[in-house]
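# Descriptive analysis of the structure
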Amino acid sequence: MRVAVVGAGNGGCAVAADMAFRGVNVTLVKTSNAMHDDNFEYLQKNDGKMTLLDFGENGSMNPQDLEIVRKEGHISNVTRDLAVLTEMDVIIVYIQTNYHEELIQRMAPFIRDGQILLINPGYFSTAYVLKYCGDKDISVVEAQSSFIDGRIMEPGIFKVGFRNVRNPLGVYPARNLSSVKEKLDQLGFPFHYMNSVVGAALHNPNMIVHTIGSLLSIPMIDAMGDEFCMYHRAFTEHAWNVLEKLDSEKMDILEKMGFERLSYVEACKFRNSLDDEKDAKEVFFSYAAMPTRAKGPVTVNSRYVTEDVPQGLVMLESLGKALDIKTPVATALIEIANAALGQDFRKNGRTPERLGEENIKKILEDK
C-alpha cells in the first residue's frame, strides 16, 4: 500500500517517519516554503532519514519513567510534486487548516477514484473535498487531532511529546467505513472509527483549548515569550470556567445537529487514556502537567489564534447562527482576537457559506 503525507511540518514529518519505521511505503510532500525548509532539505539529502526520539514503545502519560528510544524511519520519497498523489492509495493531509481549501483545490486534478483522503485535523474539510472533488468516488476521513505530538528539534530529529492511545476518525461516506478501516488499520496507529465526520470536526480539541489557553493568557505570552508553556500556565480555575462555557456552546450545536453531547474533557480522556474509570478532568490535567509538553505559544500572533479562531471559533459561531443557537463566549473570544491582533478573523473564517451549505447538508444526511 502506498501512502502520501501532504505537509512537511512537525506533525507530517513525525507521522511519515513513524510509518516508515514500521515499513510502510511513505511519500512526504511539502506544500510550501513557509517553514521547516532546512529539515526538508536534510531529508532529501539523506534518503528520507528521520529519527524519532520516543519514550517507550508506544508512548506514555509518564514519559519520565521510560528510557528514550530512537526510532529511525526512511521515508521512501521526499518531494514537492503533488502529481505523485495519483499513485497513492491513502493520502494524509497534515497542514494548518487555514490552507485546507487552497490545498484541496490544488490536489483535485491528482485525486482518483478509490483513494482514501485522511485530513488531520478535519474541522469539517470534508465539505471542501465535496466542493472541489465531488465528482470523484473517494473516501474522506477526518481526524480530531494529531496522532503524535512533539517538535522537530533539528534537521532529521523529532522529539515525541505524546501519542494518543486512541485516534477517533470519522468517515464519509459512511457506507465505505469497512473498506476504509481495512486499509487504515495497516498504518499502525490506534484508530477508533466514529459514525460521522461531524464528531471528528467539532471535537477538534484546538478549537477549545488553543483559543482559551492563548487568548486568556495574552499578558503572560507577551511577558514570558519563549518560556511560556500554555499547558503548564493557562488553565487556572477561572480560565477553566470559561473553557467549560465555550465547550457547552459546542455541545449545544452538536445536540441541535442530532449528535451526542460530549464534553471536551471526555473526548480528551478517550484520546489520551485507556483507564475508563479515571476522572476526565484529571486525565486532562495529567496530560497538561507532563514535562514533555512543548513550550508555546511564544507569541500571541501564533497559529493558536490565527488558525483556531477563524477555522474553529468562527465556524462554531456561524453554525450557531444557522441553527439559532447563541454562542456568546465564542463571539467574545473572536472579538478579543480581532482586537489583539488588529485583524478581522471572520473575513476568511470557515463558515457554511464558504464550506458550501449543500455540502454540509450532504454530510449531515450521511448516516
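In the block above lies the structure referred to throughout.
To keep things clear, this report deals only with the structure shown in the data block. Here the residue index of a chain counts from 1 through its sequence in written order. Reporting in this predicted model follows two pLDDT cut-offs: at least 70 for local features of residues, and 80 or more for side-chain atom pairs to be given and counted; totals over whole chains, interfaces and linings ignore these cut-offs and use all residues. Neither water nor hydrogens contribute to the side-chain values; these are computed over all heavy atoms in the structure.

## Things to note about the environment of Glu249
Numbering of helices and strands runs from the N terminus, with a helix taken as a DSSP run of H or I at least four residues long and a strand as a DSSP run of E at least two residues long. Note on placement: Glu249 falls in helix α10 (residues 237–256). Residues Glu249 and Glu72, spaced 177 residues apart in sequence, show a C-alpha to C-alpha distance of 43 Å. Should any heavy atoms of two residues lie within 4.5 Å, those residues are counted as being in contact. The residues touching Glu249, leaving out its near neighbours within four places in the chain, are Lys326, Thr327, Pro328, Val329 and Ala330. Each polar contact in these results corresponds to two N or O atoms within 3.5 Å; when the atoms are within protein, one needs to be able to donate a hydrogen and the other to accept it, and residues that are neighboring in sequence are counted only if both atoms are side-chain atoms. Within polar-contact distance, the side chain of Glu249 engages the backbone nitrogen of Val329 at 2.7 Å.

## Examining the sheet that holds strand β5 (residues 77–79)
Should DSSP find at least two bridges between two strands, the strands are taken to pair. Reading across from one edge, β5-β2-β1-β6-β7-β8-β11-β12 is the order of the 8 strands in this open sheet, with mixed pairing throughout. Looking along the sheet, the strands with just one partner apiece sit at the ends: β5 and β12 (191–193). Across the sheet, the mean angle separating the axes of adjacent strands is 25° when strand polarity is ignored. Two strands pair when backbone bridges link them, and strand β8 (residues 139–143) and strand β11 (residues 167–172) are joined in this way by 4 bridges, in the antiparallel orientation. Residue pairing in the sheet places Val140 in a bridge with Tyr172 of β11. Helix axes are fitted only over the stretch in contact, all axes being lines through C-alpha atoms; the angle between N-to-C directions runs from 0 to 180 degrees.

## Regarding helix α17 (residues 357–365)
Taken together, the buried positions of α17 are Asn359, Ile360 and Ile363. Down the axis of α17, the smallest arc covering the buried residues is 100°, so these residues share one side. What points out from α17, more than 90 degrees from its buried face, is the exposed set Glu357 and Glu365. Categorising residues by exposure relies on relative accessible area from a 1.4 Å probe, with only protein chains included: less than 20% of the type maximum marks a residue as buried, more than 50% marks it as exposed, and the intermediate range marks it as partly exposed. The arc in question is traced by the directions running from the helix axis to the C-beta atoms.

## Some thoughts on the state of the cysteines
Two cysteine sulfurs form what is called a disulfide whenever their separation falls within 2.5 Å. In total, this model carries 0 disulfides according to the counting rule given. In this structure Cys229 is not part of a disulfide, and its nearest cysteine sulfur, from Cys268, lies 15 Å away. Note on Cys229: relative accessible area 5%, which makes it buried.

## So, helix α3 (residues 100–107)
Burial in α3 covers these residues: His100, Glu101, Leu103, Ile104 and Met107. When α3 is viewed along its axis, its buried side chains cluster within an angular range of 165° and face the same direction. Tucked inside the fold, the buried residues of α3 contact β1 (2–6), β6 (90–93), β7 (116–119), α4 (126–133) and α16 (352–355).

## Some points on the sheet that holds strand β4 (residues 68–74)
The mixed open sheet is built from 4 strands, whose spatial order is β4-β3-β10-β9. Strand pairing shows two members of the sheet lacking a second neighbour, β4 and β9 (148–154), which therefore form its edges. Averaged over all pairs of adjacent strands, the angle between strand axes in this sheet comes to 30°, irrespective of strand direction. Of the pairings in the sheet, the one linking strand β3 (residues 49–55) to β4 comprises 7 bridges and is antiparallel in character. Within the sheet, the bridge partner assigned to Asp54 lies in β4 and is Val69. Lying over the sheet, helix α1 (residues 10–21) contacts β3, β4, β9 and β10 (157–163), oriented at roughly 100° with respect to β9. Against the sheet, helix α2 (residues 37–45) makes contact with β3 and β9, and its axis sits at roughly 115° relative to β3, the strand it touches most.

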